[in-house]
Amino acid sequence: MPMLMPAPELRVDLHPGKPPILHTPAHAFEDAPGWAAVHRHALRRLVTEHGALLVRGLRLRATDQVGAVFHHLAAGLMTEREAFAPRRTHTPGVYSSTAWPANQPMCMHHELSYTHSPPGLLLMACLTPPPAGGATALADACAVLDALAPELVQRFQEEGWLLTRTYNDEIGASWQEAFGTEDKAAVEEYCRANTIEFCWGPDGTLNTRQRRPAVVRHPVSGRHCWFNQVAFLNEWTMAPEIREYLTDVYGPDGLPFNTRFGGGDPVSEDVVQLINTVYERHTVREPWQAGDLMLVDNVRTAHSREPYEPPRDVLVAMAEPMHPTPTPCPPTREGSTR
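None of these values were measured; they are calculated from a predicted model. (Residues numbered from 1 in each chain as written. Predicted model: local features only at pLDDT ≥ 70, side-chain atom pairs only at ≥ 80, totals over all residues. Heavy atoms only, no water.)

Trainee: Could you clarify how one ought to interpret the sheet that holds strand β22 (residues 325-326) in this entry?
Mentor: In a beta sheet, neighbouring strands pair by backbone hydrogen bonds and run either parallel or antiparallel. Overall, antiparallel pairing links the 3 strands, which are arranged β15-β14-β22 in an open sheet. The sheet is open, and its two borders are formed by β15 (224-226) and β22, each paired with just one other strand. (Pairing = 2+ DSSP bridges. Helix = DSSP H or I, 4+ residues; strand = E, 2+ residues; numbered from the N terminus.)

Right under this line is the structure:
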């Protein structure tokens, strides 16, 4: 039998290997935006408590309905900048899921963790679940941090992590898509304001470098969280044939994205595999059903997108922009002050 966690008029089911699932009352679908408005604060508390929440029973069917629910749940929706792959904008702040090959996984990561002000909250809604696969899986960032080798965590904590990007027209988002403008001067102004090194190639290619913290304090609980995209955006997470092709065409320094230790040293294939293996050991998943809503604490919880058989239609919004606070000293292990 599932354990039930108390919340005002809300029931949360906890099953091993699955995210927390909240089943709405039978009448909630009749006015999903209104139900979301009434329960906004209770839902947010549950997300803070559990790290994520799958809400089932609202029967979300239309983009405008989803947008209304998102707006009732968040004070304001963010405009995405620095996307690594293009999205379709449905309404301001409401996007399609990232355009990424259906047969390729999107490994565990924290959304926009390489930006200066990443979202603290992700909102997702499934209009069309895929016939097979395609789950948005989740992993607890505190548990992942505890499971990683202490010396590796300490190095990332001391140095941070470095993201390098080469914006081209073949792979990932173009610089125009990523920065929402065709004005190079506006891109340069954004980069300076957000601590991003940049240079333009003679063919108009944009190259950027940005250093960010890899271990941060949760803004509410104060717990240490593994918060980055070191493994996901690293060359060794790419399918071998894709990595070889891109390296042949653009050279090792011209990959669309890659990650390094904050001091500039490469992250080895063994380290990337270790991080992804630890993520997998802490992964929970639940297949999407039509009308599902998911709320994710973007600091406490990493997420992925598993390969799938099309079609799949999941809408996404981001909210609660934050400024991550790096941990000031090596995080201690379980049973300590974390």
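From this point, the narrative continues.
Trainee: Can you walk me through the confidence of the model for the chain in this structure?
Mentor: Do not read the fine detail of predicted coordinates wherever pLDDT is low. Here the chain averages 93 in pLDDT, and 94% of its residues register 70 or above. Contacts for the low-pLDDT stretch residues 1-7, under 50 throughout, to residues beyond four places or in other chains number 15 contacts. Confidence drops under a pLDDT of 50 for residues 331-338, and excluding neighbours within four residues, the segment shows 20 contacts in the predicted structure. (pLDDT = per-residue confidence, 0-100. Contact = heavy atoms within 4.5 Å.)

Trainee: What's the story with unusual backbone geometry in this structure? I'm lost.
Mentor: Leave glycine aside and you will find that most residues have negative phi; peptide bonds, for their part, are mostly trans. A cis geometry characterises the amide bond from Pro310 onward to Pro311, with omega recorded as 5°. For Pro311, the location among the structural elements is in the loop between β20 (308-309) and β21 (313-321). If you check the backbone angles, Arg59 has positive phi at about 55° while not being a glycine. In this structure, Leu112 is a non-glycine residue whose phi angle is positive, near 55°.

Trainee: For this particular structure, what's the right way to read the sheet that holds strand β13 (residues 206-212)?
Mentor: If you trace the 4 strands from one edge of the open sheet to the other, you get β12-β13-β11-β16, paired in antiparallel fashion. With partners counted over all chains shown, the strands left at the sheet margins are β12 (197-200) and β16 (257-261), one partner each. Averaged over all pairs of adjacent strands, the angle between their axes in this sheet comes to 15°, without regard to strand direction. Where strand β11 (residues 161-167) and β16 come together, 5 bridges link them in antiparallel fashion. Residue pairing in the sheet places Trp161 in a bridge with Phe261 of β16. Running at roughly 100° to β16, helix α5 (residues 150-159) makes contact with β11, β13 and β16 of the sheet. Strands β12 and β13 of the sheet are contacted by helix α7 (residues 184-193), whose axis makes an angle of about 155° with β12. (Axes fitted to C-alpha atoms, helices over the stretch in contact; angles between N-to-C directions.)

Trainee: What is the right way to read the nonpolar core from this model?
Mentor: One broad rule of soluble globular proteins: the nonpolar side chains tend to lie buried together. With 51 residues, the main nonpolar core has Phe84, Met124, Phe156, Trp226, Ile275 and Tyr279 as its most contacted residues. Once you skip the residues sitting within four places of it in the chain, Ile275 turns out to touch Leu148, Leu152, Trp226, Val230 and Ala231. Judged by nonpolar contacts, the second largest core, of 32 residues, contains Leu14, Ala28, Leu127 and Ala317. (Core = buried A, V, L, I, M, F, W, Y, C linked by side-chain atoms within 4.5 Å. Buried < 20%, exposed > 50% of the residue type's maximum accessible area, 1.4 Å probe, protein only.)

Trainee: So what exactly am I meant to see when it comes to the pairing of strand β2 (residues 10-14) here?
Mentor: Side-chain positions along a regular strand alternate between the two faces of the sheet. When you tally the buried positions in β2, you get 4 out of 5 residues, the bulk of the element. As defined by bridge partners, β2 adjoins strand β3 (residues 21-23) across 2 bridges and the pair is classed as antiparallel. If you follow Val12 over to β3, its bridge partner there is Leu22. Remark: 6 residues form the turn of the hairpin made by β2 and β3, two consecutive strands paired antiparallel; Gly17 in that turn has positive phi of roughly 80°.

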